[in-house]
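As a plain string of letters, each chain reads:
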Amino acid sequence: MNTPQVIINGVMHRENTASLRIDDLSIVRGYGIFDFLKTVDNHPVFLEDNLDRFFHSADQMDLTVPFSRQEIREQIHMLMQANTIPNSGIKILLTGGYSPDGYTIIAPNLIITQSHLERNVASEKRGVRLVTFPYHRAFGTVKSIDYVMGIKALKKAKEAGADDVVYTQDDLISECPRANIFFVDKNGTLLTPNDDVLAGITRKHILTIAKNICPVEARDITLTDMQNAKEAFITSTTKNITPVTAIDNINYGPGAGPLTRKLQESLEELIFKNYGIFPPID
């Protein structure tokens, strides 16, 4: 297999020779932001939404993006042509940059990488188990590179026989480390946390799709809402819509519930209509 190419500050490098200096703030302080999108049949999916969020995160973290939106688009397409990976994940990463005192932001570095990514249909059918974990991200609306707590929490989830965690604080549900979360209440209303959570791209499109299917409420979601729900699922670029079968000792049933399945089908139709090949779950 050929070594993938990456782009650092507009210049292409082989992945196995690409490097940053050790005084970059992403290394010495863990300071930086990123965004992640997928390609389906060589089409970047929801690219403009990801660029919107990327520039928002950079602004919130006082990071100057060294290239225009159009230049980043061009670099992404240049990388896709070089790597020829039809179904992939593309990461756009903006570091704090090389800092003379290990603390001051000077000139951020922009890195774009691409790797093979296939849809995990089995997980989307089977579902995942979660456990609650008391935590709330410091910058909830920013896609930061800080995943310290998410990595530590995953160990706790595995010890409990679960696949991942969902963050809770003060009786409220927020999100998973790498996904947004939704619930379906007893009346068939779709619920999702609204404040101080990451603006997931898949979440955004699910909220739009769902308005033509069922009542939707984006608001504070309590532990009581979680306990009384009849369905639950998580959403992300890589997970699409993946059912949640249980949280702690609360069981939602095997696989996808009726509304979850309907939304899965609607998301598949949306991606297929706009971007080409996207095989359905069944």
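Per chain, residue numbering runs from 1 following the sequence as it is written. Note on the predicted model: pLDDT of at least 70 is required for a residue's local features to be given, and 80 or more for side-chain atom pairs to be given and counted; whole-chain, interface and lining totals, by contrast, use all residues. Note that water and hydrogens are dropped before the side-chain values are worked out from all heavy atoms of the structure.

A. Up close: the sheet that holds strand 6 (residues 110-116). For two strands to count as paired, DSSP must find a minimum of two bridges between them. Counting from the N terminus, the helices are the DSSP runs of H or I reaching at least four residues and the strands are the DSSP runs of E reaching at least two. Strands sit in the order 2-1-6-5-3-4 across an open sheet of 6 strands; the sheet is antiparallel. Pairing within the sheet leaves two strands with one partner each, and these edge strands are strand 2 (11-14) and strand 4 (43-44). Direction of pairing for strand 3 (residues 32-40) relative to strand 5 (residues 88-95): antiparallel, over a ladder of 8 bridges. Within the sheet, the bridge partner assigned to glycine 32 lies in strand 5 and is threonine 95. Between two residues, a contact is recorded if the distance between any of their heavy atoms is within 4.5 Å. Angles run from 0 to 180 degrees between N-to-C directions of axes, and those axes are lines fitted to C-alpha atoms, restricted for helices to the stretch in contact. Strands in contact with helix 3 (residues 69-83) are strand 1 (5-8), strand 2, strand 3, strand 4, strand 5 and strand 6; relative to strand 6, the strand with the most contacts, it is inclined by about 35 degrees.

B. Fine view of the side chain of threonine 39. Here threonine 39 is to be found in strand 3. On the basis of relative accessible area, threonine 39 is assigned to the buried category, the value being 3%. Throughout this description, a polar contact denotes any pair of N or O atoms lying within 3.5 Å of each other; where both atoms belong to protein, one of them has to be capable of donating a hydrogen while the other can accept it, and for residues adjacent in sequence the pair is counted only when both atoms sit in side chains. Engagement of the side chain of threonine 39 in a polar contact is seen with the backbone oxygen of proline 86, the distance being 2.8 Å. Within the structure, the side chain of threonine 39 is placed 2.7 Å from the side chain of serine 88, a separation counted as a polar contact. Residue burial is assigned from relative accessible area. The probe radius is 1.4 Å, only protein chains are included, and a residue is buried under 20% of its type maximum, exposed over 50%, and partly exposed in between.

C. Quick look at a nonpolar patch on the surface. By definition, no residue in a patch forms a salt bridge, and every one has over 30% relative accessible area; like charges are joined within 9 Å, nonpolar side chains (Val, Leu, Ile, Met, Phe, Trp, Tyr) within 5 Å. Working definition of accessibility: Shrake-Rupley area with a 1.4 Å probe, residue cover restricted to the visible protein chains. Salt bridge criterion: a side-chain nitrogen from Lys or Arg within 4 Å of a carboxyl oxygen from Asp or Glu. On the surface, a nonpolar cluster with roughly 300 Å² of combined accessible area is contributed by Ile22, Ile27 and Val28. Note on placement: valine 28 falls in helix 1 (residues 25-28). According to the relative accessible area criterion, valine 28 is partly exposed, its value standing at 38%.

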